[in-house]
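Read off the chains here:
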Amino acid sequence: MPEHMPERKPKISASRKLMLKSLMVAKAKEELEQEVVVKEEEKHNYLSERAPALNISSLSLAQLQDLCRELHSKIDVVDEERYDIEAKVMLNTREIKDLNIKVLDLRGKFKRPSLRRVRVSADAILRSLLGSKHKVSMDLRANLKSVKKEDTEKKRPVEDSDWRKNVEAMSGMEGRKKMFDAAKGPTQ
């Protein structure tokens, strides 16, 4: 009989494990806060680079109108780009949904059919392998050993007896048939 293996004691106690988990959570929270601050800085830097501050105090009315027209044209270009990108994203998400539906349909409906044995002649196999151009016929039965039918019939004795004679013996009902016949007898 195999000996009972002693239970392994955990290498870290439960209190130590809990302390490590709390430290890990605190570290993750701190890194998350740092990541938010870094993203805000990147956003501020990008916006200051792409859209510098406007100095409109020393501009005349005509210059202000030109500036407004320029800003409106830039806004139009950005809106067109945004619209194109949104259209592409919507098209891609629709295509992804359709493909997922197709995958689920194929996975759910497809059943592997049970394979059946198919009898194919040697000529058909050769035709499929060599192509229809080659006319090859093989007589596979030419090399087979011939067997006489008389020999096989002699080995198997045939009983031509009436099956009704031994119904009791064959059916294994022994006395039940007699009881059935006895109950049936007076009615006839």
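Residues numbered from 1 in each chain as written. Predicted model: local features only at pLDDT ≥ 70, side-chain atom pairs only at ≥ 80, totals over all residues. Heavy atoms only, no water.

A. Region of interest: the overall build of the protein. For the protein, the helix and strand inventory stands at six helices and zero strands. Each helix and strand of the protein, placed in order from N terminus to C terminus, yields the pattern α-α-α-α-α-α. Counting the 188 residues in the protein, one finds 1% classified as buried. A total of about 20200 Å² of accessible surface is found on the protein, and carbon and sulfur atoms cover 57% of it. (Helix = DSSP H or I, 4+ residues; strand = E, 2+ residues; numbered from the N terminus. Buried < 20%, exposed > 50% of the residue type's maximum accessible area, 1.4 Å probe, protein only. Areas by Shrake-Rupley, 256 points an atom, 1.4 Å probe, with all protein chains shown as cover.)

B. Fine view of the pattern of salt bridges. Applying the stated criterion to the full structure yields five salt bridges. The partner of Lys 74 in a salt bridge is Glu 70, with the nearest N and O atoms 3.7 Å apart. With Lys 74 and Glu 70 both in helix α2 (residues 61-109) and four residues apart, this pair spans about one turn of that helix. We classify Glu 70 as partly exposed; its relative accessible area is 43%. For the salt bridge of Asp 79 with Arg 82, the shortest nitrogen-to-oxygen distance reads 3.7 Å. (Salt bridge = Lys/Arg side-chain N within 4 Å of Asp/Glu carboxyl O.)

C. Representation of the layout of surface pockets within the structure. Considered as a void within the structure, the largest pocket measures approximately 220 Å³ in volume. Together, Arg 50, Ala 51, Pro 52, Leu 54, Leu 67, Glu 70, Leu 71, Lys 74, Val 77 and Val 78 line the largest pocket. Broken down by element, the residue count for the lining of the largest pocket peaks at six residues, all from α2. (1 Å grid on protein atoms, 1.4 Å probe; cavity = no way out; pocket = protein on both sides within 12 Å on 5 of 7 lines; lining within 4 Å. Points joined across faces, edges and corners; volume = space filled by probe spheres on them.)

D. Local environment of a negative patch on the surface. On the surface, a cluster of negative charge is contributed by Asp 76, Glu 80, Glu 81 and Asp 84. Tracing the sequence through the fold places Asp 84 in helix α2. (Patch = residues over 30% accessible without salt bridge, like charges linked within 9 Å, V, L, I, M, F, W, Y side chains within 5 Å. Lys, Arg positive; Asp, Glu negative; His and termini not counted. Charge placed at Lys NZ, Arg CZ, Asp CG, Glu CD.)

E. Highlighting the confidence of the model for the protein. Summarising the model, the protein shows a mean pLDDT of 79, and 67% of its residues fall at 70 or more. Model confidence for the protein, summarised as mean pLDDT per element, is weakest for helix α5 (residues 167-171) at 57 and strongest for helix α1 (residues 14-50) at 94. (pLDDT = per-residue confidence, 0-100.)

F. Just a nonpolar patch on the surface, in detail. A surface patch of nonpolar side chains, amounting to about 490 Å² of accessible area, comprises Val 118, Val 120, Ile 125, Leu 129 and Leu 130. As for its position among the elements, Ile 125 is in helix α3 (residues 122-130). Taking relative accessible area as the criterion, Ile 125 reaches 40% and is therefore assigned partly exposed.

G. Focus on the environment of Leu 64. For Leu 64, the position within the fold is in helix α2. Residues contacting Leu 64, with those up to four places away along its chain left out, are Ile 56 and Leu 59. (Contact = heavy atoms within 4.5 Å.)

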